[in-house]
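Listed here are the chains, written in short residue letters.
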Amino acid sequence: MVPPPQTDGCEPDLAAVGTWLESNPEILEQWFRHHASTELRKKALDAITSAPVNTIRTQPCLNSNNTNQLEIWYPSGAPKTNERTLQNVRPQCDLESLVEPELFMELIRDIANELNIDVLCHKILRNVSLLTNADRGSLFLTKGLPDNRFLVSKFFDVRHDTSFEEAMRLSRTEEIKIPFGVGIAGTVAKNKVMINIKDAYKDPRFNSEVDLRTGYKTNIILCMPICSYEGDVIGVAQIINKTDNSPEFSNHDVEVFQRYLTFCGIGIQNAQLFEVSVLEYKRNQILLNLARSIFEEQNNLECLVTKIMREAQDLLKCERCAVYLLDLDCCEANHLQRIVERPGKAIQRAAPLNRMVSGSITGQDMIDNFFKRPSPFTTIFELREGGNKTLVSRPSSFDLAGSTLAQIAGYAASTGQILNIGDVGEWLCEKYSEGDAESAITILCMPIINGQRTLIGVAQLINKENGAPFTDCDVSLFEAFAIFCGLGIHNTQMYENACKLMAKQKVALECLSYHATASNDATAKLVKEEIPSAESFNLYSFTFIDFDLSDDETCKATIRMFLECNLVQQFHIPYEVLCRWVLSVKKNYRPVKYHNWRHALNVAQTMFAMFKTGKMERFMNDLEMLGLLVACLCHDLDHRGTNNAFQTKTESPLAILYSTSTMEHHHFDQCVMILNTDSNNIFQALSPEDYRRVMKLVETAILSTDLAMYFKKRNKFLELIDNGEFDWQSDDKKDLLSGMMMTACDVSAIAKPWEVQHRIAKLVADEFFDQGDLEKMQLKEQPIAMMDRERKDELPQMQVGFIDVICLPLYRVLSETFPWMEPLYQGTFENRQHWQDLAEKVDMGLTWIDHDYIDKPIEAFTESEESKGFELTVQTLNTVSSPAAAENKKRHKKLCCML
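The name recorded for the protein chain in an unreviewed UniProt entry is Phosphodiesterase, from Dendroctonus ponderosae.

Put into C-alpha cells, the structure is as follows:
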C-alpha cells in the first residue's frame, strides 16, 4: 500500500491527499467510523451538503469560475444526503495538475453517463478544446434519409469557456445545414476520413463567409467523423486554431482527438437513443391523454373539434389551427342516395399517406388542382393564437375559391397526402401570397382519415411559435394525432347522425302508427255490429273454413273467440279498444297471397279450437290463453311474401336489424307498435307484472313460428313426452308446450279437408314462386325447387316431404299426449294420402297441377294439348315411364318446407 503523502511541516497538497484517499476508501471509511470526532463528522457532512449536488444524473462540468477544475457531482441513483452516507463523493479536481492520461480519463468520465444530447455535445466540444488546446470547436449531427443525408450544426464556434446557456442561445439563433460531400465537414462525413488543414484559406472547400461575418480568422482546422457502434457516421466534430498559436494540429492532437471521439460516438448514440425513448414516452402519454379526452367528448362535434385543436396547439406549439371537414353526409339527399344504393357497393378508401414538402410541388400546382378538383368542404373550424372560442363557418364554393388556406387544405384533401410548407411566402407566387395566407410563414396540412380509411377532412397548422419550419418529428407526431382525431370525429358524426335518425324514426313511427290504426268510423261500426255465435262460424271445429266469410265477418269471428274465452271480462278489456285493435291488426297485414290476415285468423281459430275442443285450456291459465291468441293473430304482421333467407340474401334493413328469426322479430315489433298506439292497448288494465309476463309470452310464441326454432325445441319436447311427462305447469315446460302449439297452429292448413288444403297449397306455392321470380331478377340466382315456377310439377312430392318431416311427427305426439287433438293428426294423414297419389300421377304424366282442379285426368284435355308433346303409355295395372320421368322422380324425393 502506498503511504499517505508527507507534508514535512508544509501545507499539504490537497490533490495528492484526495488521490490517496480515493485509492484507499476502506481506510477512510474505517477512520471515520472509529476515530473521527463528532465535530469533524458534522463538518464533513456540512461541507458535502453545502456543495451543489445533482441527484438526477451524472453531470460533471467546469465550475462557474471558469477555472480548470472539474466538479464531480452525484451520479444517477446515488444515495441522498439525508441517508448519512459519504459514498460516491469525489473532491474537486484541478485539471491542470493532472497528467494527460489522467486528464483523458477524467474527461471521459465527464461524458460517460450524460444522456442529455445538448449537454453532452457541449461537454464534448469543451473537453476536446482542453485536450487539444483548440481555440474553438463545432459539432454537427447527421440527419436525413440514407439517400439524402446532411449535417445539422448542434453547436457552432464553442470555446472552452463558453457556457451552456450561451451555446444553446447561439444554436437556436442559426442552424447550419451541410449536405454530405459539401465543404470540409461534408467531405469528412461522406468519405469517413480525417482532414487536417494547415492553412484554411488555401483549401477550396473552406467557406470564409463566417469569418467575414464575425471578424474571426480561421487558420488551421482539424475535422473528424464521429461514428456509431456499427461504424456509421452520426456526426462530425471540428476544431479551429490553437490557443498557443501553433501553426498546425500535431499528430499527437490528432491521436487524442480521434481517441476521445471514439468514446463520444458511443455517448452520442446512447443519448440519441435515450432522447428517442423519452420522446416516444412523451408522445404515447400525449396521445393517451388525447384519446381519453377525445372519447369523453362525443356528443357535440364543435366541442370535440375545439378540444382537438387546442391539444394540437399545445402539442406542436403553433399559432393557429384549423380543421376542414368534408361533406358530413347529413343532408336528405345523401340519406336518399344511400337508401337506393345496391348492397355490396365498394367504398372508396384513401391510400396510405405520403409526405410531401414544398420543394416537390409548387403553389401553382396547388392552384391548378383546386380548379380541377375543388374539395367540398362544408364546415371549417378555426382556433387562433390565444383564442378561447372556435370560429365555425360553413363556406360557399365562392368563399373556398377566394381562400388560399382553403385551397392548400383542398390540395391535401384531393391528393390524400401530407403537405409541409417551410416558407409559405416563397412557395406561393406573389399573386396568391396575400389574403388569409399573408401572415402564414409555415404550414403543415394533414389529411384526417376515419376507421374505414375514408377521408373526412384536413387538419391545418400554421406558424410554429419559434418561427422554425415543422420538423419530421412534428409531422410524425401530428400524423399519429390525426389518426385519433379521425376516429373521434367519425364517432361523433355517427353519434349525431344516429340522434337525427332516431328522431326521424320517431316521427316516422308516429306517422305509421297513425295510418296503421283503424279509423274511428270503422271502429264505431264494428262496435255496433252484432257478433254471431261461435257455432255459426264453426269456431270449435278443426275443419273451420274462412273462404265464405267476408272481411267484416272475419273480424267478428275474432272478437267472438275473445268473448268465448271470457277474456274481455276477465282482463277488463274495453270493448271499443278490442274492436279497434282487431281492425288495426287486420289493416297491418299486407295483401300477399298466403301470409295475410286470413292466414292469421285461421291460426288463431286453430289455437281457439285447441283450447276448447282439444281441452288444452286445462293446461293454460287465462293470461296465457290471452297471450297465445294475440300471438296467433299477430304472428305474421307486415309479412312481405318473402322468407328470412331472402331478407338475408338481399341484405335488407330487416336482416341488418335482426340476424336470426328476421321476419319473426319484425312481426313482434309490429305487434308492440300497434299495442303502443293510442286506444289499441288491450293490455291496459293488466298489472305491471302481468303485462311483463304476457308480453314475454307473446314474443316467445311469435318467435316459435320460425321453423328453425321449432327444430331446436322439438327434441327437448319429445324427450319430455318419452319420459311420461304430465305436469306442464313449470315455466320452461310451458314455453315448450306453447311453442309446439304455435307451430301446430301455424301449419294447421295441412289438416283441413282436402278441398281446402288443395286450394291453400296453391296459394302458398304462388307466393313462393313470386319470391323465386324476385331472386332471379334481383339476385340473378336460381331459386330452390319449391320456389322455382318452372318446377311446379314437383309440388305434390314436396308436400309429402313437408308432411313427413314436420307435420305428422308433431301431430302424432300431440294426439298421443292430448287425445282430443286427434282430428289434426287424422286430417294430416288423409291429406298425405291425397298428395302421395297425386305425386304418383304427376310422375306418370296423368295430371296438370296448375289447373283449377289439380287432379283433372289427362284424358279430359283436347287433342291440341295432346299434340304438344305428351306421349303416354297407359296399362291397366302398371305404367311404364320414360327414363327422363324416372330421373325426375329421384329429384322429387328432396324434402322441402312449404310453409
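Now that the structure is up, let's keep going.
Section: the overall build of the protein chain
A count of helices and strands for the protein chain gives 34 helices and 16 strands. Taken across its 899 residues, the protein chain has 47% of its residues classed as buried. When contacts within the protein chain are restricted to residue pairs at least 6 apart in sequence, those whose partners lie at least 24 apart make up 68%.

Digging into the pairing of strand β8 (residues 221-227)
Burial within β8 is extensive, with 6 of its 7 residues counted as buried. Here strand β7 (residues 195-197) runs beside β8; their pairing, made up of 3 bridges, is antiparallel. The residue bridging N196 from the neighbouring strand is L222, located in β8. Bridge analysis of β8 against strand β9 (residues 233-242) gives 7 bridges, and the strand direction is antiparallel. Following the sheet pairing, C227 is matched in β9 by V233.

Details of the nonpolar core
One finds F562, W581 and V630 to be the most contacted residues of the largest nonpolar core, which totals 100 residues. Look past the residues within four positions of W581 in its chain and what remains in contact with it is F562, V630, L633, C634, I674, L675, N680 and I682. Counting 33 residues, the second-largest nonpolar core is a separate cluster that includes L315, I418, M446 and I448.

Some points on the environment of S171
By the secondary structure assignment, S171 is in helix α6 (residues 164-173). Separated by 17 residues in the primary sequence, S171 and K154 place their C-alpha atoms 6.5 Å from one another. If we ignore the near neighbours within four places in the chain, the residues touching S171 are K154 and F155.

A short note on the sheet that holds β8
Strands sit in the order β6-β5-β4-β9-β8-β7 across an open sheet of 6 strands; the sheet is antiparallel. The strands lining the two open edges of the sheet, one partner per strand, are β6 (177-179) and β7. Here the average twist between neighbouring strands, direction ignored, is 25 degrees. Summarising the sheet, strand β4 (residues 134-145) and strand β5 (residues 148-159) pair through 9 bridges and their orientation is antiparallel. By the bridge assignment, T142 is partnered in β5 with L151.

Re the pattern of salt bridges
Within this structure, the stated rule accounts for 32 salt bridges. Between K123 and E114 there is a salt bridge, with its nearest N and O atoms 3.4 Å apart. Of the two residues examined, K123 and E114, each falls in the buried class. Between R159 and D161 there is a salt bridge, with the nearest N and O atoms lying 3.2 Å from each other. The class of D161 is partly exposed, set by a relative accessible area of 34%. What you see here is one network of salt bridges that share partners, running through D135, R136, R159 and D161.

Cut-offs applied
- Residues numbered from 1 in each chain as written.
- Predicted model: local features only at pLDDT ≥ 70, side-chain atom pairs only at ≥ 80, totals over all residues.
- Heavy atoms only, no water.
- Helix = DSSP H or I, 4+ residues; strand = E, 2+ residues; numbered from the N terminus.
- Buried < 20%, exposed > 50% of the residue type's maximum accessible area, 1.4 Å probe, protein only.
- Contact = heavy atoms within 4.5 Å.
- Pairing = 2+ DSSP bridges.
- Core = buried A, V, L, I, M, F, W, Y, C linked by side-chain atoms within 4.5 Å.
- Axes fitted to C-alpha atoms, helices over the stretch in contact; angles between N-to-C directions.
- Salt bridge = Lys/Arg side-chain N within 4 Å of Asp/Glu carboxyl O.

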